[in-house]
Amino acid sequence: MAEVIGAALEMKAAGAGHRAIADWLGRPAATVRGWLRRFADRAAVVAGVFTAHLVALADDPARVLPAPAAAVFGDAVAAVIAAAMQGAVPGGH
């Protein structure tokens, strides 16, 4: 399930709307809208926490920090992905 929600968050950060995301993922639109709203409500905190993890754990933080996105939602998604790629979150590579 985390992979599905993660895909929805990535699609939203790329500019897709909740209905298109729901269709693509085969989930009810109301469910996807709820995921996106809950994440959006916490996006600034998520971005801050995961950026701090990257800075603390990366050998060269400047190399792994994502470029700023157009919105906080995108910043948060990028920070989570970057942290996962650095192994800074459970299940990261």
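See the structure shown above.
Every chain is numbered on its own, with residues counted from 1 as its sequence reads. Thresholds applied to this predicted model are a pLDDT of at least 70 for local features of residues and 80 or more for the giving and counting of side-chain atom pairs; totals over whole chains, interfaces and linings are not thresholded and use all residues. Only hydrogens and water are removed before side-chain values are computed, so all heavy atoms of the structure are retained for them.

Engineer: Explanation requested: the overall build of the protein chain in the structure shown.
Structural biologist: Under the DSSP-based scheme used, a helix requires at least four consecutive residues in state H or I and a strand at least two consecutive residues in state E, with every element numbered from the N terminus. The helix and strand inventory of the protein chain stands at five helices and zero strands. In terms of overall size, the protein chain behaves like a compact globule, its C-alpha atoms giving a radius of gyration of 13 Å where 93 residues would be expected to give roughly 12 Å. Dimensions of the protein chain along its principal axes, counting C-alpha atoms only, are 40 × 25 × 20 Å. When a residue's accessible area, from a 1.4 Å probe over protein chains only, is under 20% of the maximum for its type it is buried; when over 50% it is exposed; and in between it is partly exposed. Residue burial in the protein chain is summarised as follows: out of 93 residues, 30% are buried. Here, two residues are considered to be in contact whenever any of their heavy atoms come within 4.5 Å of each other. Within the protein chain, contacts between residues separated by at least 24 positions form 51% of all contacts whose residues are at least 6 apart in sequence. Only the protein chains shown count as cover for residues, and all accessible areas are computed by the Shrake-Rupley method using a 1.4 Å probe. Accessible area of the protein chain: about 5,700 Å², with a carbon and sulfur share of 60%. When charges are counted, neither His nor the chain ends are considered; positive counts come from Lys and Arg and negative counts from Asp and Glu. Think of each charge as sitting on NZ of Lys, CZ of Arg, CG of Asp or CD of Glu. The centroid of the 8 positive side-chain charges in the protein chain is displaced by 13 Å from the centroid of its 7 negative side-chain charges. C-alpha atoms define the radius of gyration, and 2.2 Å times the number of residues to the power 0.38 defines the globule rule.

Engineer: Looking at this structure, how should I read the nonpolar core?
Structural biologist: Proteins that are soluble and globular tend to have nonpolar side chains buried together. Residue types Ala, Val, Leu, Ile, Met, Phe, Trp, Tyr and Cys, when buried and joined through side-chain atoms within 4.5 Å, form a set referred to as a nonpolar core. Grouped together as the largest cluster of nonpolar side chains are 22 residues, with contacts concentrated most on Leu-9, Val-32, Leu-36, Phe-39, Phe-73 and Ala-76. Elements represented by at least two residues in this core include exactly helix 1 (2-13), helix 2 (18-25), helix 3 (29-57) and helix 5 (72-85). Top element by residues in this core is helix 3. It accounts for nine residues. Residues contacting Ala-76, with those up to four places away along its chain left out, are Phe-39, Ala-43, Val-46 and Ala-47.

Engineer: What is the right way to read the packing of helix 3 against helix 5 from this model?
Structural biologist: Helix-helix packing: each pair is described by the crossing angle between the helix axes and the interaxial distance. Contact pair helix 3 / helix 5: the axes reach a minimum separation of 7 Å and the direction vectors enclose 50 degrees. Here helix 3 is positioned oblique relative to helix 5, judged by the angle of their axes. For the element pair helix 3 and helix 5, the recorded crossing hand is left-handed. Residues Leu-36, Phe-39, Ala-40, Ala-43, Ala-44, Val-46, Ala-47, Phe-50, Thr-51 and Leu-54 of helix 3 form the contact with helix 5, whose own contacting residues are Val-72, Phe-73, Asp-75, Ala-76, Val-77, Ala-79, Val-80, Ala-82 and Ala-83. In this classification, the charged set is Asp, Glu, Lys and Arg, the nonpolar set is Ala, Val, Leu, Ile, Met, Phe, Trp, Tyr, Cys and Pro, and all remaining amino acids, among them Gly, are polar. Taken together, the residues of the contact of helix 3 with helix 5 break down into 17 nonpolar, one polar and one charged. Only the contacting stretch of a helix is used when fitting its axis, a line to C-alpha atoms as for every element, and angles between N-to-C directions run 0 to 180 degrees. For classification purposes, angles smaller than 35 degrees are called roughly parallel, those larger than 145 roughly antiparallel, those between 65 and 115 roughly perpendicular, and all remaining angles oblique. Here a crossing is taken to be left-handed if its near helix is turned anticlockwise relative to the far helix by less than a right angle, and right-handed if that turn runs clockwise.

Engineer: Any chance you could explain the packing of aromatic side chains here in plain terms?
Structural biologist: Two aromatic rings are characterised by how far apart their centres lie and by the angle between their planes. Planes of paired rings set the category: under 30 degrees apart is stacked, over 60 is edge-to-face and the rest tilted, where pairs are Phe, Tyr or Trp rings (Trp by its six-membered ring) whose centres lie within 6.5 Å. Evaluation of the coordinates by the stated rule reveals one aromatic pair. With a centroid separation of 5.0 Å and an interplanar angle of 70 degrees, the aromatic rings of Phe-39 and Phe-73 are classed as edge-to-face. With Phe-39 in helix 3 and Phe-73 in helix 5, this residue pair connects regions lying 34 residues apart in the sequence. Taking relative accessible area as the criterion, Phe-39 reaches 14% and is therefore assigned buried. Accessibility expressed as a relative area gives 12% for Phe-73, which makes it buried.

Nothing here speaks to function; it is all geometry.
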